[in-house]
Every structure is written in C-alpha cells, then in structure tokens.
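# Overview (structure and organization)
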Amino acid sequence: LTDLQSSRNNVRHHTEEITVDHLLVRRGQAFNLTLYFRNRGFQPGLDNIIFVVETGPLPDLALGTRAVFSLARHHSPSPWIAWLETNGATSTEVSLCAPPTAAVGRYLLKIHIDSFQGSVTAYQLGEFILLFNPWCPEDAVYLDSEPQRQEYVMNDYGFIYQGSKNWIRPCPWNYGQFEEKIIDICLKLLDKSLHFQTDPATDCALRGSPIYVSRVVSAMINSNDDNGVLNGNWSENYTDGTNPAEWTGSVAILKQWYAAGCQPVRYGQCWVFAAVMCTVMRCLGIPTRVITNFDSGHDTDGNLIIDEYYDNTGRILGNKKKDTIWNFHVWNECWMARKDLPPGYGGWQVLDATPQEMSNGVYCCGPASVRAIKNGEVDLNYDTPFVFSMVNADCMSWLVQGGKEQKLHQDTSSVGNFISTKSIQSDERDDITENYKYEEGSLQERQVFLKALQKLKAERFHSSRRGADLQPSRPTPLSQDSPRSVHTPSLRPSDVVQVSLKFKLLDPPNMGQDICFVLLALNMSSQFKDLKVNLSAQSLLHDGSPLSPFWQDIAFITLSPKEAKTYPCKISYSQYSQYLSTDKLIRISALGEEKSSPEKILVNKIITLSYPSITINVLGAAVVNQSLSIQVIFSNPLSEQVEDCVLTVEGSGLFKKQQKILLGVLKPQHRASIILETVPFKSGQRQIQANMRSNKFKDIKGYRNVYVDFAL
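Each chain carries its own residue numbering, running from 1 in the written order of its sequence. Per-residue local features of the predicted model are confined to residues with pLDDT of at least 70, and side-chain atom pairs are confined, for both listing and counting, to 80 or more; whole-chain, interface and lining totals are unaffected and use all residues. Side-chain measures here rest on the full set of heavy atoms in the structure, leaving out hydrogens and waters.

To keep things clear, this is the line we draw: UniProt positions are given in the numbering used here, feature names are shortened, and annotations may be inferred rather than shown by experiment.
An unreviewed UniProt entry lists the protein under the name Protein-glutamine gamma-glutamyltransferase 5, from Rhinopithecus bieti. Under Subcellular location (unreviewed entry), UniProt gives the following word-for-word description of the protein: "Cytoplasm".

Here's what the structure looks like:
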C-alpha cells in the first residue's frame, strides 16, 4: 500500500486550489510518500527500492519521458532523485524530486523492490501530475517575487481592458484555472495538438520547455489549424454560437470544448483567446498576464507601415492589403528564461493566440521577448517583427480619388497606446507602454524604429537573393519608391501647418442617447481661409474593419486670420442604433480642403458608447459551506423595450457552474433586481462576474469582489 500524501504535498506545491484528492506537484521540488509493507519493514543496505516514472504514450529513457532511479544510490545517472526520510517497522517515508527541466504532464509511478532474499516485487503506486514551478530558482519559469507569483499564477480572476484609448474599460474575467477538471482539460489540449498527433514521443519530451509549450498552447487556443478551443468570428453574425462579448470566463469555454469531444467553441475574439490562454498557462504553472494594446497595428506585409485609405467624404475604406489598426488588441505575456536568445532577453514574452498570421506554417505567435521588441531586435525568435509592428508601426493615411492615391499624412505615434494590464494584487490598471517602446517623439524611439526597419530590409534582401534563381525579381514592399507615391505631394512640415481641425465631445457618449459634438477649426495664418469639410460617421469593429457610413454632412467654414470657429454636430440615437456593432465603436471623420490649396486636412475620432454597469451586492458575510445571498441589480438603458434578456453570473469558488437566468422582456429604462443563493466552497479573495444580454445589446457587465472566510 502507498499513501501519496496528496493533501500535504499539494499544499506545499501550491496546487491545493486544484485538488487535495489527487497528487499534483511541481518540478524541482521534493514531495513525500509513504510505503507500507505487509510482512516486514524496509531494511536499508539489504533491500533496494527502485522507482520508475513514465509520461506519454511512448515513455523513453533517452528522451527523458521515462526515468529509473534508486533509493539506495545517491549517484544515480537519472536526474530524478529519491531519498529516505523515516523508516518504521511496517512503513517507510521517502522523498522524490523531479528535475527542474522535466516534462510536465501526467505521470505513472511504479516501484520495484529487490530484497536481500533475492525476490523482486513490482507495484504500480499510482498517477500524479507534474507542473512548471515558478517557485524553483532552477526552473525556466522561476519568478522571484511572491506578490507576482500570487498574481500571475495563483489569482483566478482579473480584468481585461477594452474600449479605446480615450475610454478604457475594465472587463471582469473569471480565469478559473483551479476549477474542477480544468487541469485535465489543459493536458487534453496538449494531447490534441498537431505536434502530439504527428510525433507523440518527441512532443511529450519537449514539454519540459516553456518556450515549446507556450507555442503549442498559442496554436491550440484557436482552431485554424486543428481542433483548437475557439473559432474566431469577426463577422457580427453569431447566430450559431455565442457572441464573444457575452463571455465572462474561461471555464465555461474550456468545459464546452472538452464535453463536445474537443470540437471548437463558437465564438471568440482577441480578448477571449488571450483570457483562455491565460487560464491554461497559469494552470500549467507558467506566470501569465493579459495585455491590452490600444490602437494596435496589424501590418500584413512587414514594412512597419499601416496604410489607411479614405474617400473624399472622410470615410475610411477597406483595403486590399488588409492593414488595419485595431481599436484594441489583447495578447498574453508569459514569464520564462530564453537561453535560445542572447543574454538579457528572458523575462516577459509576448504570446498571441488570436489567429492573425502564420508562424512556421501554424497560426500562433511568440514567444517574443518584450525587451527585444523595445530594442528593435526584430531578428530574434519568435515573431518579433509582427509584435513590433503592433506597438510601433507608423500609420500612413491615403486619399483615394479618381483611381489615384494621394498621401494625406504619416503619423509616427498613433500605433501602440496605453498598453495595459491588471496591477499586482490590485484592481487598478497598470500602464506598461514603456516596457515595449521608448517615449513617442523621442530620438531613441525613432532610432529603434529605423534599426528594426533596416533589419527587416536586410532580411528581405537576403531572402530575395536566396530565391533569385527561383522567381523573377520584384520591388520589395520595403522600397521607398512605392508606385503609389507618384501622385503624392510633399507634406508641409508641422510647424507651418496653417489650419487645424479637431473634434470635441460635448457630453459623455451614452448608449441610447444622442451624440453631440463640435468640429473645432483654427486658422493659424494671417490670411483668410475658406474651408469645405466633408464629415461622416461609421461603425467600426474593434479590429479596425469599417462598416457602412450612416451619417454624413458638409460644412463650409470661413476663417479670418487667427480665428477659431466651432461647427456643431449631432448624431441621433435613431440614426446610429441600427448600424451599431457589438463593439459600440463609432468613427467620426472630417476631410477638409481649402479652396485655394490642393492640400487636404484629415481628422478623426473614435467614440465608444458606454452602458450603465450591473450592480452586485453581497448580502451578509461570505463563509465557506454556508449559504450566501447575492443581489444583482440591472437595467435597460434604452428608451425602447428590449427582449430575450439573459443574465449570466459566475465566480470561481463561489458557484459550481455558471448561472443563467432568463429575464425575458425589459421595458424602456426599466430597473430591476434578483436575489441569487449560493454556497461558497473556497476561501480567500473571490470575484463575482455578471453579464446581461438582449436583442439590442450583448455585454452589460458588472463585478463584485468578496472575501470568503473559513467556517468557524
């Protein structure tokens, strides 16, 4: 008989939140077990105990997925070690320790006992799961700050920042990495990867590397190459699945994927991909956080230029290059050593599970060193050029008219703003933009940009030379002599710009209300100026894709020397309501021109409409295994009736599963509340997340933190 001491070991290995019924330990740290003998006790020097551990379908000593090590031999060739703790008449306590480089996963533990009498007895002691260990200094994921370990490994809830750089909104999220069955689902996810399906023996052997595991998980969160967890959908049509905006946690998504025989869940967008990846990585023991980048570039041709096209009304157009600036984009950072890179490039690494571009033939991205991105080292693995463009590409605006493209403006600072993550052990937002780039407008920032551009040019040149015998030569996309520049007039330096335009909101942009704003026109010259300004408004998806315009206007403004004027504008709720996307983004644009000058002036502003949040009240003290009442207050913010209202509520350690309440119809401006009963089953700091959807809106959210005490 054997006692794996699951409860005691799991507490020591920081896995008791997952379970205390099964053994879950971390590599590089000893765990204890007790061996019981029927006839007589273990006799050191006379008996020899040999342990065997195996992982994967094809365990192999040479690959490190099988290890054989003895209790008696202190100089065993195996990196796994075992030693005697105590020895009694009928029981023996021993300690085992996996090397800090061991493959993570599910292991089978066996024992062979060679007695002095010559008999050999073999037993199968049971299974255990081995995880990465950020508490172990020799582990590649070691993090030397306990508050950071608590936040980036142990915290099972957080915030994902959405909206726009002018209106940053925290979206509460239940990561739930310690919920029932999540560890099993994470290991199943590794086994469903293309790497495992192709070569399971090698795949399991490589699971000791957080670099390898993070790339596998990045590919498996999306379903573009395999039966990954989530189907992406940016079409605004979600009738055969769940609108990405409705999700409030990873647990329901992962359990749905697992229950459906590992078929992709419909649907996800960037924040959902990143949140689910955070759950998986924290569960496996790799410190992970979720990052939001506002005004995030998506450069499809690797020239570090995001091209945006406008017509003569100021309306933004789609483009064949598919370059876009996402209103916000969300990815992960994972903490790990990078011995494959020059010294100094370990630490936080970008991983992006949203399927945007291929990496080595698979839709995944990273790990890319954050420090390498800041320093413009775009030749370092993995996918550093693409990540660099997301935070530091330049933006080029073009006017499309009469089949010609005219350059309007090149902006060096519009991409990559307010890069955000949740603060350590706090609900505040932490701005980490300085981790990714030097201050916009600084000499260092431009030097790094040009350094990155030169490295990419050199790579393109060498690539073209290698392929010169296979294909005809052609101008590189990095060429300064782009064909479109034929009709491009030179821009005036900013210090001699004579007329400026700017939008200003008059009231907060609330859903269901009219949007009131003004266009500010300023003549900085000593001459009269006659302006014709085309104004338009159109909805945007958060990935920057434009929808059809729903509002247009033309303003004629005469400005005296040094004069400023305002032109009032209003977009009524009835004008925008039927055209609004789930993201609630409206882009207003103005394209101005002087009668006496061919020069164009472009200005735009993105408006994010806001909802009133759900209010959650905890009625009474929260105690483990005692009933708790929770009040949820919600309202219909619109001046029209909404139907098909559904409220979802969840929270790790508080609810065994996500709660769904059918509310039906809500009258205009109606405010209501319900009382939910639950029994908390885990102590400590917890969070309740709620979402309400209807036929008119999908993501009115709210949250409440609650501390759960142990029962007295």
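## A look at the pairing of strand E15 (residues 305-310)
To be explicit about the condition: Exposure is judged per residue with a 1.4 Å probe applied to protein chains only, and the accessible area is read against the type maximum: over 50% gives exposed, under 20% gives buried, and values in between give partly exposed. Strands are runs of DSSP state E lasting at least 2 residues, helices are runs of H or I lasting at least 4, and numbering of each runs from the N terminus. Any two strands between which DSSP finds at least two bridges are classified as paired.
The buried count for E15 comes to six of six residues, which makes it a mostly enclosed element. Residues Ile305, Asp307 and Tyr309 of E15 are buried on one face, and the alternating residues Ile306, Glu308 and Tyr310, pointing to the opposite face, are buried as well. Two strands pair when backbone bridges link them, and E15 and strand E20 (residues 394-401) are joined in this way by six bridges, in the parallel orientation. Bridge assignment links Ile306 to a residue of E20, and that residue is Cys395. Turn length for the E15-strand E16 (residues 316-317) hairpin, with the two strands adjacent in sequence and antiparallel, is five residues, and the turn residue Gly314 shows positive phi of about 90 degrees.

## Points about the sheet that holds strand E6 (residues 81-87)
Judged by pairing direction, the sheet is antiparallel, and its four strands sit side by side in the order E1-E3-E7-E6 without closing on themselves. Of all the strands in the sheet, the pair left with one neighbour each is strand E1 (2-3) and E6. Bridge count for E6 against strand E7 (residues 91-97) is six bridges, and the pairing is antiparallel. From the neighbouring strand, Leu84 faces E7, where its bridge partner is Val94.

## Quick look at the state of the cysteines
So the rule is basically this: By disulfide we mean two sulfur atoms from cysteines, separated by a distance within 2.5 Å.
Counted according to the given criterion, the structure contains zero disulfides. Note on Cys171: no disulfide assigned, nearest cysteine sulfur contributed by Cys270 at a separation of 11 Å. Residue Cys516 stays outside any disulfide, its sulfur separated by 9.8 Å from that of Cys569, the closest cysteine.

## Observations concerning the side chain of Ser296
What counts, and what does not: Polar contact is defined as a pair of N or O atoms within 3.5 Å, subject to the rule that within protein one atom must be able to donate a hydrogen and the other to accept it, and that residues adjacent in sequence are counted only when both atoms are side-chain atoms. Contacts are residue-level and defined by heavy atoms, with any inter-residue pair within 4.5 Å sufficient.
Along the chain, Ser296 falls in strand E14 (residues 288-298). Under the relative-accessibility criterion, Ser296 is labelled buried at 1%. Within polar-contact distance, the side chain of Ser296 engages the side chain of Asn293 at 3.0 Å. Each residue touching Ser296, except ones within four places of it in the same chain, is listed here: Thr324, Ile325, Trp326, His329, Trp331, Met390 and Val415.

## A short note on the sheet that holds strand E26 (residues 529-540)
Strand pairs in the sheet, formed through backbone hydrogen bonds, run parallel or antiparallel to each other. Defined as follows: Simply put, an axis is a line fit to the C-alpha atoms, just over the touching stretch for a helix, and the angle between two N-to-C directions goes from 0 to 180 degrees.
What the four strands build is an open sheet, ordered E27-E26-E29-E30; its pairing is antiparallel. A strand with exactly one partner marks an edge of an open sheet, and here the two such strands are strand E27 (546-559) and strand E30 (600-608). Put simply, the sheet's adjacent strands are angled 15 degrees from each other on average, direction ignored. Sheet analysis places E26 next to strand E29 (residues 585-594), joined by 10 bridges and oriented antiparallel. Its bridge partner lying in E29, Ser539 is registered against Ile586.

## What about the pattern of salt bridges?
Definition in use: Every case where a carboxyl oxygen of Asp or Glu lies within 4 Å of a side-chain nitrogen of Lys or Arg is listed as a salt bridge.
Using the criterion set out here, one finds 32 salt bridges in the structure. In this structure, Glu333 engages Arg289 in a salt bridge whose closest nitrogen and oxygen atoms are separated by 2.8 Å. Taken together, the residues Glu333 in strand E17 (residues 324-336) and Arg289 in strand E14 connect sequence positions 44 residues apart. Take Glu333: its relative accessible area is 0%, and that puts it in the buried class. Across the pair Arg587 and Glu308 runs a salt bridge whose closest N-O atoms are separated by 3.6 Å. Highlighted residues: Arg587 in strand E29 and Glu308 in strand E15, separated in sequence by 279 residues. By relative accessible area, which is 7% here, Arg587 ends up buried. Residues participating in the shared-partner salt-bridge network are Glu17, Asp156, Glu179, Lys682 and Arg686.

## Looking at the environment of Gln575
Within the element layout of this structure, Gln575 appears in helix H13 (residues 573-576). Judged by its relative accessible area of 30%, Gln575 falls in the partly exposed class. As for Gln575 and Ser442, which are separated by 133 residues in sequence, their C-alpha atoms are 42 Å apart. Within the structure, the side chain of Gln575 is placed 2.9 Å from the backbone nitrogen of Ser572, a separation counted as a polar contact.

## Quick word on the side chain of Thr288
By secondary structure assignment, the location of Thr288 is in strand E14. A relative accessible area of 0% places Thr288 in the buried class.

## Section: the packing of helix H3 (residues 182-191) against helix H8 (residues 270-284)
As a reminder, the rule being used: Our angle categories are set so that under 35 degrees counts as roughly parallel, over 145 as roughly antiparallel, 65 to 115 as roughly perpendicular, and the remainder as oblique.
Running from N to C, H3 and H8 point in directions that differ by 100 degrees, and their axes come no closer than 10 Å. Compared by their axis directions, H3 and H8 come out roughly perpendicular. Along its contact with H3, which presents Ile182, Ile183, Cys186, Leu187, Leu189 and Leu190, the element H8 presents Thr279, Val280, Cys283 and Leu284.

## Things to note about the packing of aromatic side chains
In this description, a pair of aromatic rings is defined by centroid distance and the angle of the planes. Cut-off, in case you're wondering: Aromatic pairs are defined between Phe, Tyr and Trp rings, using the six-membered ring for Trp, whenever the two ring centres lie within 6.5 Å; interplanar angles under 30 degrees are classed as stacked, those over 60 as edge-to-face, and all others as tilted.
Applying the stated criterion across every chain yields a total of 20 aromatic pairs. Taken together, a centroid distance of 6.3 Å and an interplanar angle of 25 degrees make the contact between Trp234 and Phe273 stacked. Within this pair, whereas Trp234 is found in the loop between strand E12 (230-232) and helix H7 (251-259), its partner Phe273 is found in helix H8, the two being separated by 39 residues in sequence. With centroids separated by 5.7 Å and ring planes inclined at 15 degrees, the aromatic side chains of Phe550 and Tyr579 adopt a geometry described as stacked. Here Tyr579 lies in the loop between H13 and E29 and Phe550 lies in strand E27, a separation of 29 residues in the sequence. Residue classification places Tyr579 among the partly exposed positions, given a relative accessible area of 38%. Among the aromatic residues, ring-to-ring pairing joins Phe31, Phe51, Phe69, Trp80, Tyr107 and Phe128 into one connected group.

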